Amino acid sequence: MSDTPSIRSIAVIGSGLAGLTCAILLGQSGHHVSVFEKSRGPGGRMASKRVAEGSADIGAQYFTARNPKFLTFLKEHAGVDSFQEWTAKFGFQGPGQTWQSFPGEPRYVGVPRMTAITRGLSEKVSLQAQVRIARLNRVGAQWQLLCTDGVDRGVFDQVIITAPPAQAEELLLESGLTSLADHVKGPVGEILPCWAVAAHFNEAPFTEFEAMRPDSKALYWVANNSSKPGRNDSGQWWVLHATPEWTAAHVDASSDDVSEQLLAEFAAMPGHSGAAADQAIAHRWLYARSVSEGLPGYLFDAKAGVGIAGDWLAGGRVEGAWDSASRLAEAMLAG
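About the cut-offs
Residues numbered from 1 in each chain as written. Predicted model: local features only at pLDDT ≥ 70, side-chain atom pairs only at ≥ 80, totals over all residues. Heavy atoms only, no water. Helix = DSSP H or I, 4+ residues; strand = E, 2+ residues; numbered from the N terminus. Expected span 1.5 Å × (residues − 1). Buried < 20%, exposed > 50% of the residue type's maximum accessible area, 1.4 Å probe, protein only. Contact = heavy atoms within 4.5 Å. Pairing = 2+ DSSP bridges. Axes fitted to C-alpha atoms, helices over the stretch in contact; angles between N-to-C directions. Arc of directions from axis to C-beta.

**Let's talk about helix H8 (residues 318-334)**
Then step 1. Look at H8: 25 Å from first C-alpha to last across 17 residues, which is about the 24 Å you get at 1.5 Å a residue.
Then step 2. Along H8, 12 of the 17 residues are buried, which leaves the element largely enclosed by surrounding structure.
Then step 3. Those residues of H8 that sit buried are Val318, Glu319, Gly320, Ala321, Trp322, Ser324, Ala325, Ser326, Leu328, Ala329, Met332 and Leu333.
Then step 4. In this fold, the buried residues of H8 make contact with strand S1 (9-13), helix H1 (17-28), helix H2 (68-77), strand S13 (158-161), strand S19 (299-301) and strand S20 (306-308).

Set out below in structure tokens:
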């Protein structure tokens, strides 16, 4: 990547893996980068929910690293202790509802929780949390950022948006960036929802596998969060992810109702020990997993000075967020 002196200041909206990657790569080239996050802290879908005596990963469950540069980036900027390999037994239900083992490959998780990675990365950037950017105003050749309470957050030469597509589209339209908004619409921006439930068991509900892809109309994924490295739980915390179809049909259901129904489906899975959960917490992800294939990787309007990055533009995986951000940063620095 080459230095681009014409880029003096850059705003990044969103502090998930994509936003933090952009901020670090552009900052390394000498540019002044500010990150704005609407939540209390960084993380995006690499999120964890506080539970008794610890936390449970309710968003991204693990990640792979097909590009070795991804692990190199994490080791350098998040820290070598921020993640470890998860050597769990993975299974799926094949024909006849029988359980089979997933092919083995290195799978990694944040330690002691998924957010350890984004927390580590966020220490390398200038981050303002609990700031929701509502509009970009054109001021000459620059962009002025206004948040929802009308406060002026500064003027920047370029802006990167790493919000989910529906939120990105809303911000683009509000800011008069209709061309970019059109690219976000349609199949590229179609994101599937997901209900997630973290449930605690004093006795193990399953012993053959720690992570499973069931053949179920309601459950897409179940995993023993306590089997991940660095977790020191009493008993076991399991995370259940509903299928997109089930979530869409129950998108407005109460958290208690969702927990009850998904735990009942979990208990009915072949191999369940009959152990009952004594605690359950549900979380609804409206934007969980991208649908389209042949995605562009990133979007960048060089004339406007506005780019868009996110896992939903690069296949939906954790590594996809890093890949999308890396490609966008490279395009911006080369322009």
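After that view of the structure, there is still more to cover.
**Thoughts on the sheet that holds strand S11 (residues 142-147)**
Then step 1. What the three strands build is an open sheet, ordered S10-S11-S12; its pairing is antiparallel. Two strands in the sheet have a free side with no partner beyond their single neighbour: strand S10 (133-139) and strand S12 (152-156). Pairwise comparison of adjacent strand axes, ignoring direction, gives a mean angle of 20° for this sheet.
Then step 2. In terms of strand pairing, S11 meets S12 through three bridges, oriented antiparallel. The partner of Leu146 across the bridge, within S12, is Asp152.

**Some thoughts on the environment of His250**
Then step 1. By the secondary structure assignment, His250 is in the loop between helix H6 (244-249) and helix H7 (255-267).
Then step 2. Sequence separation between His250 and Ser101 is 149 residues, and the spatial gap between their C-alpha atoms is 30 Å.
Then step 3. Not counting residues up to four positions away in its chain, the partners in contact with His250 are Trp195 and Gln261.

**Structural notes on H7**
Then step 1. When the terminal C-alpha atoms of H7 are compared, their 18 Å separation across 13 residues agrees well with the 18 Å that a helix rising 1.5 Å per residue should span.
Then step 2. All of the buried residues in H7 are Val258, Ser259, Leu262, Leu263 and Phe266. On an axial view of H7, the arc spanned by its buried residues comes to 120°, and they lie on one face. For H7, the exposed residues set more than 90 degrees away from the buried face come down to Asp256 and Glu260.

**Observations regarding the environment of Ala163**
Then step 1. Mapped onto the secondary structure, Ala163 falls in the loop between S13 and helix H4 (165-174).
Then step 2. Note: C-alpha distance between Ala163 and Pro112 (51 residues apart in sequence) is 26 Å.
Then step 3. In contact with Ala163, other than residues within four places in its own chain, are Ile13, Ala168 and Trp312.

In short, shape yes, function no, at least from these values alone.
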